[in-house]
Protein chains: 2
Amino acid sequence: MVQYVGVENLVRLVRHVGIKTFLQELAGYIEDDFRRWPEFEKVSRIASHSSDGVIELMPTADSVLYGFKYVNGHPKNTREGLQTVTAFGVLSDVNTGYPLLLSEMTLLTALRTAATSAVAARHLARSDSRVMAIIGLGAQSEFQATAFQALLGITHLRVYDVDPDAARKFCANMNDSGLVIAVAGSSHEAVQGADIITTVTADKLKATILTDNMIGAGVHINAVGGDCPGKTELHADILSRGRVFVEFPEQTRIEGEIQQMPEDFPVTELWHVMTGEAPGRRTEQDITIFDSVGFATEDFSALRYLRDKVRDTDFQVEIDLVAEPKDPRDLFGLLTRY
Amino acid sequence: MVQYVGVENLVRLVRHVGIKTFLQELAGYIEDDFRRWPEFEKVSRIASHSSDGVIELMPTADSVLYGFKYVNGHPKNTREGLQTVTAFGVLSDVNTGYPLLLSEMTLLTALRTAATSAVAARHLARSDSRVMAIIGLGAQSEFQATAFQALLGITHLRVYDVDPDAARKFCANMNDSGLVIAVAGSSHEAVQGADIITTVTADKLKATILTDNMIGAGVHINAVGGDCPGKTELHADILSRGRVFVEFPEQTRIEGEIQQMPEDFPVTELWHVMTGEAPGRRTEQDITIFDSVGFATEDFSALRYLRDKVRDTDFQVEIDLVAEPKDPRDLFGLLTRY
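Procedures and definitions
Residues numbered from 1 in each chain as written. Chains lettered and ligands numbered in written order. Predicted model: local features only at pLDDT ≥ 70, side-chain atom pairs only at ≥ 80, totals over all residues. Heavy atoms only, no water. Contact = heavy atoms within 4.5 Å. Buried area = accessible area lost by both parts, 1.4 Å probe. Salt bridge = Lys/Arg side-chain N within 4 Å of Asp/Glu carboxyl O. Polar contact = N/O pair within 3.5 Å; in protein donor to acceptor, adjacent residues only side chain to side chain. Nonpolar A, V, L, I, M, F, W, Y, C, P; charged D, E, K, R; others polar. Pairing = 2+ DSSP bridges. Helix = DSSP H or I, 4+ residues; strand = E, 2+ residues; numbered from the N terminus. Axes fitted to C-alpha atoms, helices over the stretch in contact; angles between N-to-C directions. Buried < 20%, exposed > 50% of the residue type's maximum accessible area, 1.4 Å probe, protein only. Least-squares fit on C-alpha atoms with pLDDT ≥ 70 in both. Domains from an automatic or database assignment.

J.: How should the interface of chain A and chain B be read in this particular structure?
T.: It is common to give the size of an interface as the accessible area lost on bringing the parts into contact. Listed per partner, the contact involves 78 residues of chain A and 78 residues of chain B. Taking both partners together, chain A and chain B bury about 6,700 Å²; carbon and sulfur atoms supply 64% of that area. Of all residues in chain A, A:Arg329, A:Phe332 and A:Leu335 bury the most surface against chain B, accounting for 12% of the area lost on that side. Counting the contacts that link chain A with chain B gives two salt bridges. Between B:Arg329 and A:Asp163 there is a salt bridge; the shortest N-O distance is 2.6 Å. At the boundary of chain A and chain B, one finds 40 residue pairs in polar contact (both at pLDDT 80 or more). In terms of residue class, the side of chain A that touches chain B is built from 39 nonpolar, 22 polar and 17 charged.

J.: Whenever I open this one, the sheet that holds strand 11 (residues 196–199) of chain A confuses me. Can you help?
T.: Adjacent strands of a sheet form backbone hydrogen bonds with each other and so pair up, either parallel or antiparallel. Residues and elements named next belong to chain A. Strand order in the open sheet formed by eight strands is 10-9-8-11-13-17-15-16, with parallel pairing between adjacent strands. Each edge of the open sheet is held by one strand with a lone partner, namely strand 10 (180–183) and strand 16 (268–269). In the sheet, strand 8 (residues 131–135) pairs with strand 11 via four bridges, with the strands oriented parallel. Considered in strand 11, the bridge of Ile 135 is made with Thr 199. The sheet contacts of helix 3 (residues 106–124) involve strand 13 (220–223), strand 15 (243–246) and strand 17 (288–291), and relative to strand 17 the element is tilted by about 155°. Where helix 5 (residues 164–173) meets the sheet, it contacts strand 8, strand 9 (156–160) and strand 10, and its direction lies at approximately 170° from that of strand 10.

J.: Is there a simple way to think about the pairing of strand 3 (residues 46–49) of chain B in this case?
T.: Regular strands place their side chains on alternate faces of the sheet. All names here are of chain B. Here strand 3 shows a buried face lined by Ile 46 and Ser 48 and an unburied face lined by Ala 47 and His 49. Across four bridges, the pairing between strand 3 and strand 4 (residues 54–61) is antiparallel. Residue pairing for strand 4: Ser 48 is matched across the bridge by Ile 55. Connecting strand 3 to the antiparallel partner strand 4 that follows it, the hairpin turn spans four residues.

J.: Would you explain unusual backbone geometry in this entry?
T.: In most cases, non-glycine residues show a negative phi, while peptide bonds are predominantly trans. All names here are of chain A. Even without being a glycine, Asp 312 presents a positive backbone phi close to 60°. Looking at where Asp 312 falls in the secondary structure, it is placed in the loop between helix 10 (296–310) and strand 18 (317–319). Exposure remark for Asp 312: the relative accessible area of 75% places this residue in the exposed category.

J.: Teacher, can you tell me more about the relation of the copies chain A and chain B here?
T.: Between the two chain copies there is a screw-like relation: a rotation about an axis and a shift along it. Relative to chain B, chain A is turned by 180° and slid 0.0 Å along the rotation axis, the superposed coordinates differing by an RMSD of 0.0 Å. Overall, the copies show the geometry of a two-fold rotation axis. Both copies present the same face, since 100% of the interface residues in chain A are matched by interface residues at the equivalent positions in chain B.

J.: Just checking my understanding: could you explain the domain arrangement of chain A for this structure?
T.: Residue and element names in this part refer to chain A. By the assigned domains, chain A splits into domain 1 (2–108 + 297–337) and domain 2 (124–294). Interface area, domain 1 with domain 2, both sides summed: about 2,000 Å², of which 66% is carbon and sulfur. Among the residues domain 1 hides against domain 2, the three largest losses belong to Phe 34, Trp 37 and Arg 45. Together they make up 28% of the total. Our enumeration of links across domain 1 and domain 2 arrives at one salt bridge. Between the two partners, domain 1 and domain 2, sit seven residue pairs in polar contact (both at pLDDT 80 or more).

Listed below in structure tokens is the structure:
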């Protein structure tokens, strides 16, 4: 039997654990897996593009576990009352090939994306960072805010979205967070005085959310929204002026902000910073940029964390996804003797 | 909500429909999809190899539906009482990216593989074929026998496996089939007088199940077992002497019997035969070979058939694999207001 964690059980689990604790523990798994990066089989995601969106499979494996995520990206969905991004994932046993865990990953992806951003920022942002700007107040925004509060000690937010309704939704959700929130009238206004700038807009097109004159020395930019070909948020001048950190260069050069740059544009792999093989922030004046696109190992970490967390609990149920005849060669017998 | 068809419900469905009717209807979907081959997005499967086996993702899509299958292949599993191959699959809406159907596919793959073999043989075997040899009496063998009985009118089987227990299992399962079955003492003996020869052995290594001197004029060879790099069943001389038909050449040249042959070894694509763009069997003397490795469109056809079949029935249940917040931008709200 395969363990199944659906939306209702994941919500129950996050509420039971507490979202901040969940994000902190998840961040631990993500950082542990980044630190053993060479152990993973890594391929760029396998994308199926259509006129309105994309459906992707993101597999990875170490020597013990295999994981993959199914995820779509359909910006026009929002207009039809649907999610832009939905996802689910599976963790399997490399030794037998049997699936072990099936989980919803729409919520889990939002949690792992925010946790990954915070993990990166712990290595790249100034340690005295307290003010974060968030540009783009869609489905991912509250997760980012909560992760940076829980893992970085952010106390103040300056937020902006082109849609005032999105800002109202954000403020309502963050009302009891303890964060001091200022809603800005523009991106320019939002970034004033911010130690960290998180861009997390959703449109599938080249946008310029941040221009070079908006970025002061010492800022860390957490660029989350630019994550597929043709979708960027930062002006190229910012990338040239700052130092860019990436998850998996082969994928980021296609999907990330650096798709705007020459193929040999210098980047630093995040895992090299975590293992001490490359410097993260070097001075208080550095502009650091985490060009986040989301990589399969982060989903693997999230599924691995979830599996450990739900084992022997009622936050999972068993489903009969795998046929288990008594004699493995007698699959046909299932049809006559079930 | 996503429709879920687990093992128990698929078994109930096949028993309800009848396995022969199920195979006939499934074969119709498979042939329909082969006939519209150019409409599909086609990529070779994405494989993750380990020392003991492989885990693969097999995606495909037309303009309306996206499908993928997860499948493993671990020959050593049998010794541990586990299936060599397990699988599950998903069908999604290209327009929204939302998953529609999740199904077990261990049984369904066995059914679609047999149905595909029979579909190919309808175009390639002599129409008066009544005797089939089956070499290898593992998990797939009874499905092949049943499909060829239902779709080709095979009446007599000559079967062989190195393991006598496998032959006993096969005969017990086929006891009420109406097929006349002779258990042979060797592969050589099994193929005597056969119109069709099905090879479906399981070991992951280059084997020579059939040699050229075993093959008479007019025979159709349904080569099912050679399906991954390093795993073949036919001697190269047979391939040179006969005419070879394949699903997706890019994949078959890596995984099929023709991995033994030069890169430009001539093959005919099965869909070209179905649409009349290429000849199938030309004379009663032709040796035809279906070098089957299994392709993603066949799984797509099976999932499409299953979805049509279980709609508005109790052969499926709904599961909460996809988060569905009322306001799609308010994913976070699920955690506070579920």
